[in-house]
Amino acid sequence: AGAGAAAADALLGALGARAPTEFCAALSGNEVEGATTKGSKVTACLDKPMAAGAHIRRFVVSFGTGGGSDQYFGVLEGSVDTKGAGYGALRQSSGWCVKHGDRPCARGNRVPGAETWTLEGHTIEMVVDMVARKVHFYDRDNEMRVTLSGLPDSVMPCLGLYENTATALDRDIAGLPRG
């Protein structure tokens with residue numbers, strides 16, 4: 001496990017060193033206050049989906065402590081209407097995500113053998129690599145990590161919240177290397 005963890009750290013470091021940290025373009029229909037979003041909904045992290053071959057992007061989010069297990073962080077197929085999607089959309093067939101109190105999901109299926117994730121009160125890093133069509137997650141509080149593959153041609157990074165808050169963090173605040 002030590003060699004696998006070191007390899008995952010090296011990959012996240014290499015990807016992250018080339019990726020800007022971004023979060024939550026203020027989209028119509030999403031309640032965004034600065035770098036914090038709240039409520040019970042899906043909040044898109046960009047103003048348009050990422051296409052295959054797009055630059056690698058990193059998102060770092062600190063989740064609040066409310067709302068129970070219905071907290072998600074991941075990507076939806078780019079064709080999904082995020083303004084009309086419910087907070088659980090990321091766990092359905094058009095999503096790849098980590099979910100509070102559950103194993104990660106890819107296209108609506110729990111990833112076999114993966115660990116249960118904690119999002120509430122944790123800081124999670126997501127690196128979306130549309131060249132490799134993978135999304136990488138890293139929990140900065142307990143050092144869990146997982147990579148989900150098989151992303152479609154276009155994805156929208158987003159989070160699904162139920163009665164909770166999420167705040168974007170700058171790379172310097174999160175202790176990440178400068179890109």
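It should be noted that the structure appears before, not after, this text.
Thresholds, definitions, all that
- Residues numbered from 1 in each chain as written.
- Predicted model: local features only at pLDDT ≥ 70, side-chain atom pairs only at ≥ 80, totals over all residues.
- Heavy atoms only, no water.
- Phe/Tyr/Trp six-rings, centres within 6.5 Å; stacked < 30°, edge-to-face > 60°.
- Helix = DSSP H or I, 4+ residues; strand = E, 2+ residues; numbered from the N terminus.
- Buried < 20%, exposed > 50% of the residue type's maximum accessible area, 1.4 Å probe, protein only.
- Contact = heavy atoms within 4.5 Å.
- Core = buried A, V, L, I, M, F, W, Y, C linked by side-chain atoms within 4.5 Å.

Caption draft 1: Inspection of the packing of aromatic side chains at higher detail. This model, assessed by the stated rule, comprises three aromatic pairs. On the numbers, 5.9 Å between centres and 70° between planes, the contact of phenylalanine 63 with phenylalanine 73 is edge-to-face. Of this pair, phenylalanine 63 sits in strand S4 (residues 57-63) while phenylalanine 73 sits in strand S5 (residues 72-77); the two residues are 10 residues apart in sequence, bridging distant segments of the chain. Judged by centre distance (6.3 Å) and plane angle (65°), the rings of phenylalanine 73 and phenylalanine 137 are edge-to-face. Of this pair, phenylalanine 73 sits in strand S5 while phenylalanine 137 sits in strand S10 (residues 134-139); the two residues are 64 residues apart in sequence, bridging distant segments of the chain.

Caption draft 2: Structural context of the environment of glycine 64. The topology assignment puts glycine 64 in the loop between S4 and S5. For glycine 64, a relative accessible area of 13% corresponds to the buried category. Along the sequence, glycine 64 and glutamate 163 sit 99 residues apart, while their C-alpha atoms lie 9.5 Å from each other. Leave out the neighbours within four places in its chain, and glycine 64 touches Glu120, Gly121, Asn164 and Thr165.

Caption draft 3: How the structure looks around unusual backbone geometry. With a phi close to 55°, arginine 107 is a non-glycine residue in the positive phi region. Following the sequence through the fold, arginine 107 ends up in the loop between strand S7 (105-106) and strand S8 (109-110). Residue arginine 107 is classed as partly exposed on the basis of its relative accessible area of 40%. Even without being glycine, glutamate 163 reaches a positive phi, approximately 45°.

Caption draft 4: Spotlight on the nonpolar core. Formed by 39 residues in total, the largest nonpolar core has its most connected members in Phe73, Val128 and Phe137. At the level of secondary structure, the elements contributing two or more residues to this core comprise strand S2 (36-44), S4, S5, strand S6 (95-99), strand S9 (123-129), S10, strand S11 (145-149) and strand S12 (154-168). Broken down by element, this core gets its largest block of residues, six residues, from S12.

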